[in-house]
Amino acid sequence: MSKTDTSGTTDMTSAFAFADATPIYVKLVMLFRGNIESGIWPVGENIPPLQTLADDLGVSRATVRQAMSFLEEEGIIQGVRGRGTMVLAKPKGRLWLPVADNWPDMVLQSEQVEAEWAEIEKPLWEPDLSDFTDGKLVDAYHVLRRVLSQNGVPYLVGTSYIDQRIADAVGTEAFAKQPLFDILDPYLAHIDQSVRIDAADAETAYLIDIPLNAPTVVVRRAGLNAQGEIVYQGEGILRGDFVRVERDLA
Amino acid sequence: MEKAVRTPIVDFDQSDSPIYLQLVTLFRRQISQGYWPVGERLNSIDTLAQQFGVATGTVRQALAFLEREGLVQRKRRLGTIVLKRPDTLAPMTMPRSRADLVRFLDAMKSAPLDTSGDASDGKTAESHVYSRGETPVLIENLRFDGEAFTRSAPPMAQLGAPGFADHGLRQTTTIGTADTRTSQILGIPVNAAVALMSHSLTTPQGEVVLEAQWLIRGDAVNFVESFDTTRVTG
């Protein structure tokens, strides 16, 4: 990358392989977003031509285009044939996708979600949670599925299994009106979760519009009630390129 | 008898990588997840080409690749047989505390990588490869203030020391892909997912005394966490 990289996250480039493991288009998205945020690329003006950026940064045009199309999806820039690419607005939200490790953050994230659930008649598979929770499965689950977006970019396929007794008590139409974890709050005592890395299968790739086999992050959660029953199971498959897990180690 | 393909929606245009390589990964997945069991004969090349919407030559190319990996065997007139499942690694639970972290590294075998040396800013730089059994799983790039650590033990083994109790240790993980050299060292395919975990140990005044960057093969990574659903923080 060039000297114009002001993203501040690629220092330590000298350390072997670490910097190179972050896909170049991800670094470009960070850089370009930073340029727009800080006003180096002002709103309402054109950004430098693709070829100039590619030459300056020492990357291929295709990679620049890949980063551009991400920003276009976010609604930050817009390319017009023959007239270059204009900055429409400053980035509205964060770029990185966090993975919550506490209930308040989980609730907050569920409240910020704007997506429609699709009910699933018959689950495609039952997630195997036995490797990270001691909770006991209940008799029947109501299954919901949805694709979540952030800043207009789809990033997660989520499948939730909710204890049928809860679904019956609140009425299934509640899931369309209220954030999921607000609904579940009174029923839950404890969350066990596992976060793993995988590659996008064909369906995931199609649903969240990423290349087949691109890295994904799989977040599986078991929500236990006070009796140790699993009244909620969740499996979220996130596009991996913008996931960032931050933890303080005591 | 033709077998159903579980994943009919494939858009090969979404990736820059050659279609046969995308097929390789798709087929490898079919085998690793047991949809194509060991010992079973695959559909004919013509049928596979039709099912996945690609040219027969592309399917042939992908199967040749898998044959070199030892996963399938192609026999004239008999078709393609699945020989074995790809090697996958049992996941490792990522450290959740400093004590965890010291134990985590201690349970593996470490060897220095040749890129060690003194950094220009006076800090010490070291690189290691950690293996579980004979399988390399983690590359570590270390940069630390030599005076803050004793020489009798590796710096990472000292993270739990009382002297660092008031230091913050932040772990930040992102996901990337293996470049050629990483893939060679870790023995994983190029472009396979890797976790980039960076740890920084910071004094109460905000001075960084140690940075440890880990590249871990993606299939080894598992964060296991547990918390109560109380809304009261702090």
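Residues numbered from 1 in each chain as written. Chains lettered and ligands numbered in written order. Predicted model: local features only at pLDDT ≥ 70, side-chain atom pairs only at ≥ 80, totals over all residues.

Asker: Explain the overall build of chain B here, please?
Answerer: Each helix and strand counted, chain B has five helices and eleven strands in total. Counting over 234 residues, chain B shows a buried share of 35%. Pairs at least 24 residues apart make up 50% of the contacts formed inside chain B by residues separated by at least 6 positions. (Helix = DSSP H or I, 4+ residues; strand = E, 2+ residues; numbered from the N terminus. Buried ≥ 20, exposed ≤ 12 C-beta atoms within 10 Å, placed from the backbone. Contact = placed C-beta atoms within 7 Å.)

Asker: What is the right way to read the overall build of chain A from this model?
Answerer: What chain A contains, in helices and strands, is nine helices and ten strands. Taking all 250 residues of chain A together, 40% fall into the buried category. Excluding contacts between residues fewer than 6 apart, the proportion of contacts in chain A whose partners are at least 24 apart in sequence is 65%.

Asker: When you look at the interface of chain B and chain A in this model, what are you seeing that I'm missing?
Answerer: Taken together, the contact pairs 57 residues of chain B with 48 residues of chain A. Put simply, the parts of the chain that give the side of chain B that touches chain A at least two residues each are helix H1 (19-32), helix H4 (98-106), strand S7 (135-144), strand S8 (168-177), helix H5 (180-186), strand S9 (193-202), strand S10 (208-217) and strand S11 (221-228) of chain B. With ten residues, S8 of chain B is the largest single contributor of residues to the side of chain B that touches chain A. Bridging between strand S7 (residues 190-199) of chain A and S11 of chain B involves seven bridges; their strand directions are antiparallel. The residue bridging Ile 191 of chain A from the neighbouring strand is Phe 227 of chain B, located in S11 of chain B. (Pairing = 2+ DSSP bridges.)

Asker: Could you clarify how one ought to interpret the pairing of S9 of chain B in this entry?
Answerer: Sheet faces and side chains relate simply in a regular strand, where the side chains alternate between the two faces. All names here are of chain B. Sheet topology note: the S8/S9 ladder contains ten bridges and is antiparallel. Residue pairing in the sheet places Gln 171 in a bridge with His 199 of S9. Here S9 runs beside S10; their pairing, made up of nine bridges, is antiparallel. Bridge pairing in S10 links Ala 195 to Ile 216.

Asker: Teacher, can you tell me more about the pairing of S8 of chain B here?
Answerer: Among the ten residues of S8 of chain B, seven are classified as buried, and the element is accordingly described as predominantly covered. The pairing of strand S10 (residues 245-248) of chain A with S8 of chain B spans four bridges and is antiparallel. Each residue of the ladder has a partner; that of Asp 248 of chain A, found in S8 of chain B, is Arg 170 of chain B.

Asker: Looking at this model, I keep getting lost on the confidence of the model for chain A. Mind explaining?
Answerer: Interpreting fine coordinate detail is not advised for predicted regions of low pLDDT. Per-residue pLDDT for chain A has a mean of 86; in total, 89% of the residues score no lower than 70. In this model, residues 1-15 of chain A is a region of pLDDT below 50 whose contacts with residues beyond four sequence positions or in other chains number 24 contacts. (pLDDT = per-residue confidence, 0-100.)

Asker: Can you walk me through the nonpolar core in this structure?
Answerer: Residues and elements named next belong to chain B. Counting 94 residues, the largest nonpolar core has Leu 23, Val 194 and Ile 216 as the members making the most contacts within it. Broken down by element, this core gets its largest block of residues, six residues, from H1. Once residues within four sequence positions are removed from consideration, Leu 23 is found in contact with Phe 52, Val 54, Thr 58, Val 59 and Ala 62. (Core = buried A, V, L, I, M, F, W, Y, C linked by C-beta atoms within 7 Å.)

Asker: Before we go on, may I ask you to explain the packing of helix H3 (residues 50-57) of chain A against helix H4 (residues 61-73) of chain A in this structure?
Answerer: Axes are the key here: two packed helices are described by the angle between their axes and the distance separating the axes. All names here are of chain A. Packing of H3 against H4 leaves a shortest axis separation of 9 Å and a crossing angle of 115°. The orientation of H3 relative to H4 falls into the category roughly perpendicular. Read as a crossing pair, H3 and H4 show a hand that is right-handed. Contact residues: H3 offers Leu 50, Gln 51, Leu 53 and Ala 54, while H4 offers Arg 61, Val 64 and Arg 65. Taken together, the residues of the contact of H3 with H4 break down into four nonpolar, one polar and two charged. (Axes fitted to C-alpha atoms, helices over the stretch in contact; angles between N-to-C directions. Parallel < 35°, antiparallel > 145°, perpendicular 65-115°, else oblique. Left-handed = near helix turned anticlockwise from the far one by under 90°. Nonpolar A, V, L, I, M, F, W, Y, C, P; charged D, E, K, R; others polar.)

Asker: Please clarify how the packing of helix H2 (residues 45-52) of chain B against helix H3 (residues 56-68) of chain B should be interpreted in this entry.
Answerer: Residue and element names in this part refer to chain B. The contact between H2 and H3 brings their axes to 8 Å, and the two run at 110°. In terms of axis orientation, H2 runs roughly perpendicular to H3. When H2 is examined against H3, the residues Ile 45, Asp 46, Leu 48 and Ala 49 are found in contact with a partner set consisting of Thr 56, Val 59 and Arg 60. Taken together, the residues of the contact of H2 with H3 sort by class into four nonpolar, one polar and two charged.

Asker: What is the right way to read unusual backbone geometry from this model?
Answerer: Trans is the common state for peptide bonds, and a negative phi is the common state for residues other than glycine. Residue and element names in this part refer to chain A. For Asn 151, which is not glycine, the phi dihedral falls at a positive 50°. For Asn 151, the position within the fold is in the loop between strand S5 (141-150) and strand S6 (153-163). With 16 C-beta atoms packed within 10 Å, Asn 151 lands in the partly exposed category. Phi at Asp 209 takes a positive value of approximately 60°, unusual for a residue other than glycine. Residue Asp 209 is classed as partly exposed on the basis of its C-beta count, with 15 C-beta atoms lying within 10 Å.

Asker: Mind showing me how you'd approach the environment of Gly 187 of chain B here?
Answerer: Residues and elements named next belong to chain B. Relative to the helices and strands, Gly 187 is located in the loop between H5 and S9. By C-beta crowding, Gly 187 is classed as partly exposed, having 15 other C-beta atoms within 10 Å. Between the C-alpha atoms of Gly 187 and Ala 107, which are 80 residues apart in sequence, the distance is 20 Å.

Asker: What am I meant to see in the confidence of the model for chain B here?
Answerer: Residues and elements named next belong to chain B. Across chain B, the average pLDDT comes to 87, with 89% of residues at or above 70. The secondary-structure element of chain B with the lowest mean pLDDT is strand S5 (residues 117-118), recorded at 58, while S9 shows the highest, at 96. Below a pLDDT of 50 lies the segment residues 1-9, which in the model reaches eleven contacts outside its immediate sequence neighbourhood of four places, other chains included. This complex was scored by the predictor with a pTM of 0.80 and an ipTM of 0.85.

Asker: What's the story with the environment of Ile 45 of chain B in this structure? I'm lost.
Answerer: Structurally, the position occupied by Ile 45 of chain B is in helix H2. Of the residues examined, Ile 45 of chain B has 18 C-beta atoms within 10 Å and is grouped as partly exposed.

Asker: How should the environment of Ile 237 of chain A be read in this particular structure?
Answerer: All names here are of chain A. Mapped onto the elements, Ile 237 comes out in strand S9 (residues 229-239). Classification of Ile 237 by C-beta neighbours within 10 Å gives buried; the count is 23. C-alpha separation for the pair Ile 237 and Gly 158, spaced 79 residues apart in sequence, amounts to 6.4 Å. Sequence-distant contacts of Ile 237, that is, excluding residues within four places in its chain, are made with Leu 156, Val 157, Thr 204, Thr 216 and Val 218.

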